[in-house]
Amino acid sequence: MTLTAAEGAKIYYTLDGTNPTEESTLYEAPIVISATTTVKAIAVEEGKRNSAGATATYTLEVAYNTLAELIAAGLADKEATVKYAGNATVAYQNGKYLFLQDESDVLLAYGAIEQTYAPGDVISGFAGKMTVYNKLTEMNVDAASFAAPVSKVEAPAPVTMDIENVTAADANKFIRLNSVKVVATTVDDKTSYTLIDAKDAEIIAFPRFEDVTIPTGDKTYDVDGFVSVFKNDIQIFPISFTEAAGVSEIEVSDAPAIWYNLQGQRVANPAKGQLLIKVQGEKAEKVIF
């Protein structure tokens, strides 16, 4: 960047946010920056009063090829606009929430954008500033940078996890919780939801999306959603509930068991520990008696 002043005047500047004085750096050549920088400068001319300070912030947009690099750089300098130059796959979009993933990481892009995406759409070239909201990492989007998909692939599948293994490190990950029950608790007309699995492990189900209905009752569900963190609570933003498959009926044969050894000879009185063929009705299986 270049700085200019009236002929005969000297320019002194700072890059650390402090107000410049005649003890600050003297401007003698264009300033090279490698990150978003705030420049403050004054003009000084002998026999005249120093000029009022001038301030300008220069935002440097750097492109990154992976979401992991993008997130790390954005969190290191939250004032910087970071740009994604790789290929990220859309996992889900609902309102201002857009969940993306590539081979390196997952990203929640938050904000009002005009583009509507479907799971499996591949997008690139988007930008924004990284932030942490109540311990949840997200990108505040530059809405104009989100363009039409560049290609289409198979929609991302959720990762099956047990509730007890879900941690803050899984934030924004697309997961599936199998065979959980929903417990609704209402206090002062406000209802909260908890998912409980067979091990009695619990996780909060936060109804983030208005068009997703959280069922109640005694049924068991497989739940797909996105891990979230609010302060110190681990949550899931559910997007679907599918009634879990169960065993509806077990057929038991009343036919007497007939025993054979491995040579095909019938055994009338099997001894304990023998490896035999058990025939019962139309079912045959190899068992240890």
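Please refer to the structure higher up on the page.
None of these values were measured; they are calculated from a predicted model.

Participant: Describe the layout of surface pockets, with residues and values.
Facilitator: Taken as a whole, the largest pocket spans an internal volume of roughly 420 Å³. As for the largest pocket, its lining consists of 20 residues, of which F206, R208, F230, Q235 and F237 are closest to the centre. Those elements that place two or more of their residues in the lining of the largest pocket are β12 (136-141), β16 (190-196), β17 (202-205), β18 (221-230) and β19 (233-243). The element best represented in the lining of the largest pocket is β16, accounting for four residues. Among the residues making up the lining of the largest pocket, the classes are represented as twelve nonpolar, five polar and three charged.

Participant: So what's going on with helix α1 (residues 67-76)? Which residues, and what values?
Facilitator: Taken together, the buried positions of α1 are occupied by L67, L70, I71 and G74. When α1 is viewed along its axis, its buried side chains cluster within an angular range of 95 degrees and face the same direction.

Participant: Outline unusual backbone geometry, supporting the account with residue identities and numerical values.
Facilitator: Even without glycine at this site, S179 takes up a positive phi of about 55 degrees. Locating S179 in the fold gives a position in strand β15 (residues 174-187). With a phi close to 65 degrees, D189 is a non-glycine residue in the positive phi region. Counting through the fold element by element, D189 comes out in the loop between β15 and β16.

Participant: Tell me what's going on with the nonpolar core, and back it up with residues and numbers.
Facilitator: In this structure, F99, L177, L195, F209, I236 and F241 are the most contacted members of the largest nonpolar core, which totals 32 residues. Secondary structure elements with two or more residues in this core: β7 (88-94), β8 (97-101), β15, β16, β17, β18 and β19. If we skip the residues at most four places from it in the chain, L195 touches I163, L177, V180, K181, V182, A201, E202, I203, A205, V223, I236 and F241. Counting residues in hydrophobic clusters, the runner-up holds 20 residues, among them I71, A88, V90 and Y117.

Conventions we followed
- Residues numbered from 1 in each chain as written.
- Predicted model: local features only at pLDDT ≥ 70, side-chain atom pairs only at ≥ 80, totals over all residues.
- Heavy atoms only, no water.
- 1 Å grid on protein atoms, 1.4 Å probe; cavity = no way out; pocket = protein on both sides within 12 Å on 5 of 7 lines; lining within 4 Å.
- Points joined across faces, edges and corners; volume = space filled by probe spheres on them.
- Helix = DSSP H or I, 4+ residues; strand = E, 2+ residues; numbered from the N terminus.
- Nonpolar A, V, L, I, M, F, W, Y, C, P; charged D, E, K, R; others polar.
- Buried < 20%, exposed > 50% of the residue type's maximum accessible area, 1.4 Å probe, protein only.
- Arc of directions from axis to C-beta.
- Core = buried A, V, L, I, M, F, W, Y, C linked by side-chain atoms within 4.5 Å.
- Contact = heavy atoms within 4.5 Å.

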